[in-house]
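# Structure assessment
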Amino acid sequence: MGKYQLDQKGKVAVTKFHEKQTPAKFDKKKHLEKIRAEYLKKKQKQTDK
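For the structure given in this document, a descriptive report is provided here. (Residues numbered from 1 in each chain as written. Predicted model: local features only at pLDDT ≥ 70, side-chain atom pairs only at ≥ 80, totals over all residues. Heavy atoms only, no water.)

Moving on, we come to the overall build of the protein chain. If you tally the helices and strands in the protein chain, you get 2 helices and 0 strands. A buried classification covers 2% of the 49 residues belonging to the protein chain. Accessible surface for the protein chain amounts to roughly 5600 Å². Of this, 57% is attributable to carbon and sulfur atoms. (Helix = DSSP H or I, 4+ residues; strand = E, 2+ residues; numbered from the N terminus. Buried < 20%, exposed > 50% of the residue type's maximum accessible area, 1.4 Å probe, protein only. Areas by Shrake-Rupley, 256 points an atom, 1.4 Å probe, with all protein chains shown as cover.)

Further remarks concern helix 2 (residues 28–48). Relative to the 30 Å expected for 21 residues at 1.5 Å per residue, helix 2 spans 30 Å between its end C-alpha atoms, a close match to the ideal helical length. Counting buried positions along helix 2 yields 0 of 21 residues, so the element is predominantly exposed. (Expected span 1.5 Å × (residues − 1).)

In short, shape yes, function no, at least from these values alone.
What follows is the structure in structure tokens.
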């Protein structure tokens, strides 16, 4: 048995808290897509010159 046990209401509160925190986390896939798009734009500009 754990030291801190949550009832159903407490579990819901904890779940809600973690759901709110997840968007703030770093999303590696989206970040890589963004970097790749910027790189391709730069590359395109260089080839156009």
